[in-house]
Amino acid sequence: MAFADDLLAQAGILANLDKKRPRQASLRRAVSTAYYALFHLLTNAAVSNWKQARLRADLARGFEHRKMYQTCNGTRNKQFPGANQTSGQHLRLVAETFVQLQALRNLADYDNSRRWTKTQVRGSITPASAAFDSWRAVRKETIAEDFLLRLLIPER
Amino acid sequence: MLAPDVKRILYSIAPDWTGQESLFFRIVLTDEASEPKPLRKIVLHVPQTINKAIKAEELGLQTYFTYRSKSETEEERDPEWEA
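Predicted model, so just to flag it, every value in this text is computed and none were measured.

Trainee: So what's going on with the layout of surface pockets? Which residues, and what values?
Mentor: Space inside the largest pocket adds up to approximately 890 Å³. Lining the largest pocket are 30 residues, and of these Arg 76 and Glu 96 of chain A together with Pro 47, Gln 48 and Asn 51 of chain B sit closest to its centre. Those elements that provide at least two residues to the lining of the largest pocket are helix 5 (85-110) and helix 6 (118-138) of chain A together with helix 1 (36-54), helix 2 (56-59) and strand 3 (62-69) of chain B. The greatest single-element share of the lining of the largest pocket, amounting to 10 residues, is contributed by helix 5 of chain A.

Trainee: Explain the interface of chain A and chain B residue by residue, including any values.
Mentor: Contacts between the two partners involve 29 residues from chain A and, on the opposite side, 26 residues from chain B. For the chain A and chain B pair, buried surface summed over both sides reaches about 2300 Å², with 51% attributable to carbon and sulfur atoms. Here chain A and chain B share three salt bridges between them. Applying the counting rule to chain A against chain B returns 14 residue pairs in polar contact (both at pLDDT 80 or more). Those elements that provide at least two residues to the side of chain A that touches chain B are helix 4 (65-75), helix 5 and helix 6 of chain A. No other element matches the 10 residues that helix 6 of chain A contributes to the side of chain A that touches chain B. Looking at the side of chain A that touches chain B residue by residue, the class counts come to eight nonpolar, 12 polar and nine charged.

Trainee: Which residues make up the side chain of Asp 18 of chain A, and what values do they have?
Mentor: Residue and element names in this part refer to chain A. Considering the arrangement of structural elements, one finds Asp 18 in the loop between helix 1 (3-15) and helix 2 (24-47). Side-chain polar atoms of Asp 18 contact the side chain of Arg 23, separated by 2.8 Å. Setting aside chain neighbours within four positions, we find Asp 18 in contact with Arg 23, Ser 26 and Lys 118.

Criteria and thresholds
Residues numbered from 1 in each chain as written. Chains lettered and ligands numbered in written order. Predicted model: local features only at pLDDT ≥ 70, side-chain atom pairs only at ≥ 80, totals over all residues. Heavy atoms only, no water. 1 Å grid on protein atoms, 1.4 Å probe; cavity = no way out; pocket = protein on both sides within 12 Å on 5 of 7 lines; lining within 4 Å. Points joined across faces, edges and corners; volume = space filled by probe spheres on them. Helix = DSSP H or I, 4+ residues; strand = E, 2+ residues; numbered from the N terminus. Contact = heavy atoms within 4.5 Å. Buried area = accessible area lost by both parts, 1.4 Å probe. Salt bridge = Lys/Arg side-chain N within 4 Å of Asp/Glu carboxyl O. Polar contact = N/O pair within 3.5 Å; in protein donor to acceptor, adjacent residues only side chain to side chain. Nonpolar A, V, L, I, M, F, W, Y, C, P; charged D, E, K, R; others polar.

Right, dumping it as structure tokens:
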């Protein structure tokens, strides 16, 4: 199983770790892990297009959260003329989920005033899982390849 | 439109982590709708329905959604979720 899939599975484990009274640490780490699962799914897909395998890890370090947000924010309502309509929907869902999860991850990691519940956390992990499915449905399309490049170098 | 799964919708306006003014929705669900299986459908359906209703795209508004069950809301007694 790829690293991103492992992270997504781990997010689910953390969310359900404490049966009765879930610890905030488990819930907050679950949200953060769900975000990083999608982050690594996309960055890994992007660098796998780089021919020199030995340079892929270094290239992956070039991705920035804010630039990825910028591209996803511009993609979530974007139309793709000439592209398959279903593929466009899948890509918009991936982008929308990334934006949502990134915001939640910031709250989970840095906002100590906020309490989380199991439903809140499941409500974050479930879209991540749907985004994985959507990505796998669209990843071979030209619009997906263009999207991966824009995650690294946003459109000006 | 969202009944009977959605019990209450609350929202606040605040900047998100990028500084963009955003609408943060807090959705209270029935306990049945908060179970993993129905929740999967709801978390995809609710944002689409609300964004369409408020014309978020046309207004250029960023929206965020979080969910709690009715029991969790009662247990936590968090004023943000009870307003």
